[in-house]
Amino acid sequence: MAAVGRPRDPVIDLARFFCLVLVVVSHTMMVSPVLHPDGTVTTENTLMQQHWFEPVLWVFQVMPLFFVLGGITGLESWRRLRARGGSGVDYAQLRLLRLIRPATALLASMFVGLWAASLFGVHPEVVQLVATGAGMPLWFLAAYLATQLSVPLLARLHGRAPWLTLAGLVAAVITLDSLRGAFPLLASVNMLFVWCAVQQFGFFIADGIFAGRSRGWFVGLIAGSNLLLGLVTGIGVYSGNMIVDLNPPNFCMLLLGLSQAATLQLLRPALAWAAGVRWIAWVVAVAGRRSMTVYLWHLPMLAAMSGLVLLTDFPKPAAGTAEWWWARPLVLLGVLLLLLPVLLLFGRLEERPTAASHARGRTHVAVVTAGVVVFIPVVDAALNGLTVTLLGGGAACFALAVLLLGRVPADVLPPVPGASEVPLPEPGLRANLDS
């Protein structure tokens, strides 16, 4: 079991920062909206149309690594909380608040903005484009939240039988993949089992099961998982395109997660050195405090900027042309500039809410109700797509959940003798996609 008072691992923060940067940069190279003469708007995924991009995705599809990192920090956070006398309900309350508070601001702002745009006569196709852009990050929020809420249960199973727990999750993934052809809805259920299984790799790292392994062992694990990935895609069981395998996730994401977990351990000495460089540590610390805000808002800002461009006479180079590629750095710069006021307005919502020492945590009923309320609009969006109306309903549901959850007491739980008095998480290198 991880030590109760163990400080944050800067390698985890650096790896998460790298993943976040890669996601933002790659999205600016994917979205290419097109306004057709009949007034309809479509979105082209330019990178997906490049033949060279598919094998690149085997390396740069880092979504599984987010869940590996979440498994590491989630397990350690749960154990620290439990050692201080906290319960699974306290853990759920903390996780829900940290993730849905920033999302509530996004949904409410998008609803008000798009509703106003519709009133001022903006073409419905453009409004829907921006709404779709707002919804894309929410699938990750839903999947990440579901896996994090499962940490107390999976941690208990992991503590009793780690390999059997992992094997059970892998078996569930393969079973659902086998049945998805006959029952397509089962593919969405695998969003839970796949990411919970990948999260377990983080549990193994947190428990030190991978510690002391040789570099050759990690290289073999990386090679083996990728060879198996090549086999199942080569014979046509799964697509070789990792974007297709991501939506919804399947066994390929599990193999990628294993490879990336091993790569993280293989590169740990180099990452630890880099994380110790003063300016890198500063950048990671600053970005980490607002990581969820950046993740949630970068695509809506990109979609909004694209929508504005469609409504003007600004040059619109055809997707995939040399002019389009040269414009990508300007697009990235534009997104970053649009994010600055967003970070100033809503960034503080990521900070840990605290209360007076006499405050008590919410009841089981309040926390469970909040969880159900949050997932209602998320499931609706997954099944039927995100609309302006659903943005408004989702904002209302998320706001209600925040009210049900209240504020998390900072010092209501008695400390364990000899344990660290540092609150969870440490304020220095906070990265709220985990914490």
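Novice: Could you clarify how one ought to interpret the overall build of the protein in this entry?
Specialist: Looking only at helices and strands, the protein has 16 helices and two strands in total. Pairs at least 24 apart in sequence give 84% of the contacts found in the protein among residues at least 6 apart.

Novice: Can you walk me through the nonpolar core in this structure?
Specialist: Side chains that are nonpolar tend, in soluble globular proteins, to be buried together. Counting residues in hydrophobic clusters, the biggest one holds 109 residues, and the most contacted among them are Phe67 and Trp195. Ignoring any residue separated from it by four or fewer positions in sequence, one finds phenylalanine 67 in contact with Phe140, Ala143, Tyr144, Thr147, Trp195, Val198 and Gln199. Judged by nonpolar contacts, the second largest core, of five residues, contains Leu14, Ala274, Ala275 and Ile280.

Novice: Looking at this structure, how should I read a nonpolar patch on the surface?
Specialist: On the surface, Leu228, Leu231, Ile235 and Val237 cluster together into a nonpolar patch covering about 370 Å² of accessible area. One can find isoleucine 235 in the loop between α9 (215-234) and α10 (251-266).

Novice: Looking at this structure, how should I read the packing of aromatic side chains?
Specialist: The way to describe two aromatic rings as a pair is by their centre distance and the angle between their planes. The tally for this structure, following the rule as stated, stands at 15 aromatic pairs. Plain terms: the ring middles of tryptophan 78 and tyrosine 91 are 5.7 Å apart, the flat faces sit at 80° to each other, and that makes the pair edge-to-face. With tryptophan 78 in helix α3 (residues 63-83) and tyrosine 91 in helix α4 (residues 88-119), this pair connects stretches of sequence that are 13 residues apart. A relative accessible area of 8% means that tryptophan 78 is categorised as buried. Since its relative accessible area comes to 1%, tyrosine 91 is described here as buried. Through a chain of ring-to-ring contacts, the aromatic side chains of Phe66, Phe67, Phe140, Tyr144, Trp195 and Tyr295 assemble into a single cluster. The ring of tryptophan 217 carries arginine 213 above its face, with NZ or CZ at 4.5 Å from the centroid. In this structure, arginine 328 packs its charged tip against the face of tryptophan 324, placed 3.8 Å from the ring centre.

Novice: Any chance you could explain the pattern of salt bridges here in plain terms?
Specialist: As a working rule, side chains carrying opposite charge can pair if their charged atoms are close by. Evaluated as defined, the whole model comprises three salt bridges. Among the salt bridges present, the one from arginine 79 reaches aspartate 207, with a minimum N-O distance of 2.6 Å. With arginine 79 in helix α3 and aspartate 207 in the loop between α8 (186-206) and α9, this residue pair connects regions lying 128 residues apart in the sequence. A relative accessible area of 9% means that arginine 79 is categorised as buried. Here aspartate 207 falls in the partly exposed class, since its relative accessible area comes to 27%. A salt bridge links aspartate 177 to arginine 180, with the shortest nitrogen-to-oxygen separation between them at 2.8 Å. For aspartate 177, a relative accessible area of 9% gives the class buried.

Novice: Just checking my understanding: could you explain the packing of α3 against α10 for this structure?
Specialist: Working note: a packed helix pair is described by the angle between its axes plus the distance between those axes. Interaxial distance between α3 and α10 falls to 8 Å at its minimum, and their mutual angle equals 60°. Classified by the angle between their axes, α3 and α10 sit oblique to one another. Both α3 and α10 take part in a crossing whose hand is right-handed. Across the interface between the two elements, Pro64, Leu65, Val68, Leu69 and Ile72 of α3 pack against Met253, Leu256, Gly257, Gln260, Ala261 and Leu264 of α10. Residues belonging to the contact of α3 with α10 are distributed by class as follows: nine nonpolar, two polar and no charged.

Novice: Looking at this model, I keep getting lost on the side chain of threonine 73. Mind explaining?
Specialist: Note that threonine 73 resides in helix α3. Judged by its relative accessible area of 8%, threonine 73 is buried. Within polar-contact distance, the side chain of threonine 73 engages the backbone oxygen of leucine 69 at 3.1 Å.

Novice: Is there a simple way to explain the packing of helix α7 (residues 162-179) against α8 in this structure?
Specialist: Direction vectors running N to C along α7 and α8 enclose 155°, while the axes themselves pass 9 Å from each other. Comparing the axis directions of α7 and α8 gives the class roughly antiparallel. Like other packed secondary-structure pairs, α7 and α8 cross with a definite hand, here left-handed. Only Leu186, Val189, Asn190, Phe193, Val194, Cys196, Ala197, Gln200, Phe201 and Phe204 of α8 make contact with α7, whose side of the interface consists of Pro162, Trp163, Thr165, Leu166, Leu169, Ala172, Val173, Leu176, Asp177 and Leu179.

Novice: Explain the side chain of glutamate 350 here, please?
Specialist: Within the element layout of this structure, glutamate 350 appears in the loop between α14 (322-346) and α15 (364-384). The charged side chain of glutamate 350 is buried without a salt bridge, its nearest counter-charge being arginine 290 at 5.5 Å. For glutamate 350, the side chain forms a polar contact with the main-chain nitrogen of methionine 292, separated by 3.1 Å. Among the polar contacts made by the side chain of glutamate 350, one reaches the side chain of threonine 293 at a distance of 2.7 Å.

Novice: Which parts of the structure should I look at to understand the confidence of the model for the protein?
Specialist: Chain-level pLDDT for the protein is 83 on average; 86% of the residues reach the 70-or-more range. Contacts for the low-pLDDT stretch residues 354-360, under 50 throughout, to residues beyond four places or in other chains number 15 contacts. Note on residues 410-433: pLDDT is under 50 here. Beyond four places in sequence and across chains, it has 69 contacts.

Novice: Mind showing me how you'd approach unusual backbone geometry here?
Specialist: A cis amide bond links asparagine 247 to the next residue, proline 248, at an omega of -5°. With respect to the helices, strands and loops of the structure, proline 248 is situated in the loop between α9 and α10.

Novice: Would you explain α14 in this entry?
Specialist: For an α-helix the count is 3.6 residues per turn, leaving residues at separations of three or four pointing the same way. With 25 residues, α14 ought to run about 36 Å at 1.5 Å a step, and its terminal C-alpha atoms sit 36 Å apart, in line with that. The largest bend in α14 comes to about 35°, at arginine 328, with the proline proline 329 one to four residues further on. Considered for burial, the residues of α14 that qualify are Trp324, Arg328, Val331, Gly334, Val335, Leu339 and Val342.

Novice: Honestly, the environment of glycine 307 in this entry has me stumped. Any pointers?
Specialist: In this structure, glycine 307 sits in helix α13 (residues 291-310). Considering only alpha carbons, one finds glycine 307 and histidine 123, 184 residues apart in sequence, at a separation of 9.8 Å.

Novice: I keep staring at the environment of valine 173 and nothing clicks. Help me out?
Specialist: Among the structural elements, valine 173 can be located in helix α7. Judged by relative accessible area, which is 0%, valine 173 ranks as buried. For the pair formed by valine 173 and proline 249, sequence separation is 76 residues and the distance between their alpha carbons is 9.4 Å. Leaving out residues up to four positions away in the same chain, valine 173 has contacts with Asn190, Phe193, Val194, Asn250 and Phe251.

Cut-offs applied
- Along each chain, numbering runs from 1 in the same order as the chain's sequence is written.
- Local features in a predicted model are, by the rule used here, given only for residues with pLDDT of at least 70; side-chain atom pairs are given and counted only at 80 or more, and totals for whole chains, interfaces and linings are based on all residues.
- Side-chain measures here rest on the full set of heavy atoms in the structure, leaving out hydrogens and waters.
- Each helix is a run of H or I in the DSSP string that is no shorter than four residues. Each strand is a run of E no shorter than two, and both are numbered from the N terminus.
- For this analysis, residues touch if any pair of their heavy atoms sits within 4.5 Å.
- We call a set of buried Ala, Val, Leu, Ile, Met, Phe, Trp, Tyr and Cys residues a nonpolar core when their side-chain atoms join them within 4.5 Å.
- With a 1.4 Å probe rolled over the protein chains alone, any residue whose accessible area is under 20% of its type maximum counts as buried; one over 50% counts as exposed, and the rest are partly exposed.
- Patches in this entry comprise residues that are over 30% relatively accessible and not in a salt bridge; like charges within 9 Å are linked, as are nonpolar side chains (Val, Leu, Ile, Met, Phe, Trp, Tyr) within 5 Å.
- What sets the accessible areas is the Shrake-Rupley method with a 1.4 Å probe; for residues, cover comes only from the shown protein chains.
- A pair is scored as a salt bridge if a Lys or Arg side-chain nitrogen falls within 4 Å of a carboxyl oxygen belonging to Asp or Glu.
- Aromatic contacts are taken between Phe, Tyr and Trp rings whose centres are within 6.5 Å, Trp giving its six-membered ring; a plane angle under 30 degrees counts as stacked, one over 60 as edge-to-face, and the others as tilted.
- Working rule: Lys NZ or Arg CZ, within 6 Å of ring centre, within 35 degrees of ring normal, means a charge sits over the ring.
- Interaxial angles span 0 to 180 degrees and are taken between N-to-C directions of axes, which are lines fitted to C-alpha atoms, for helices over the stretch in contact.
- Our angle categories are set so that under 35 degrees counts as roughly parallel, over 145 as roughly antiparallel, 65 to 115 as roughly perpendicular, and the remainder as oblique.
- Helix crossings are classified by the rotation of the near helix relative to the far one: an anticlockwise turn of less than a right angle makes the crossing left-handed, while a clockwise turn makes it right-handed.
- Under the grouping applied here, Gly and all other residues not named as nonpolar or charged are polar, the nonpolar ones being Ala, Val, Leu, Ile, Met, Phe, Trp, Tyr, Cys and Pro and the charged ones Asp, Glu, Lys and Arg.
- Pairing of N or O atoms within 3.5 Å defines a polar contact, subject to two protein rules: one partner must be a possible hydrogen donor and the other a possible acceptor, and residues neighboring in sequence count only if both atoms are side-chain atoms.
- Charge assignment: positive for Lys and Arg, negative for Asp and Glu; neither His nor the chain ends contribute.
- As a per-residue measure, pLDDT reflects the predictor's confidence and takes values from 0 up to 100.
- The span you would expect from a helix comes to 1.5 Å times its residue count less one.
- Axes are fitted to the seven residues ending at a residue and to the seven starting at it; the angle between these axes is taken as the bend at that residue.

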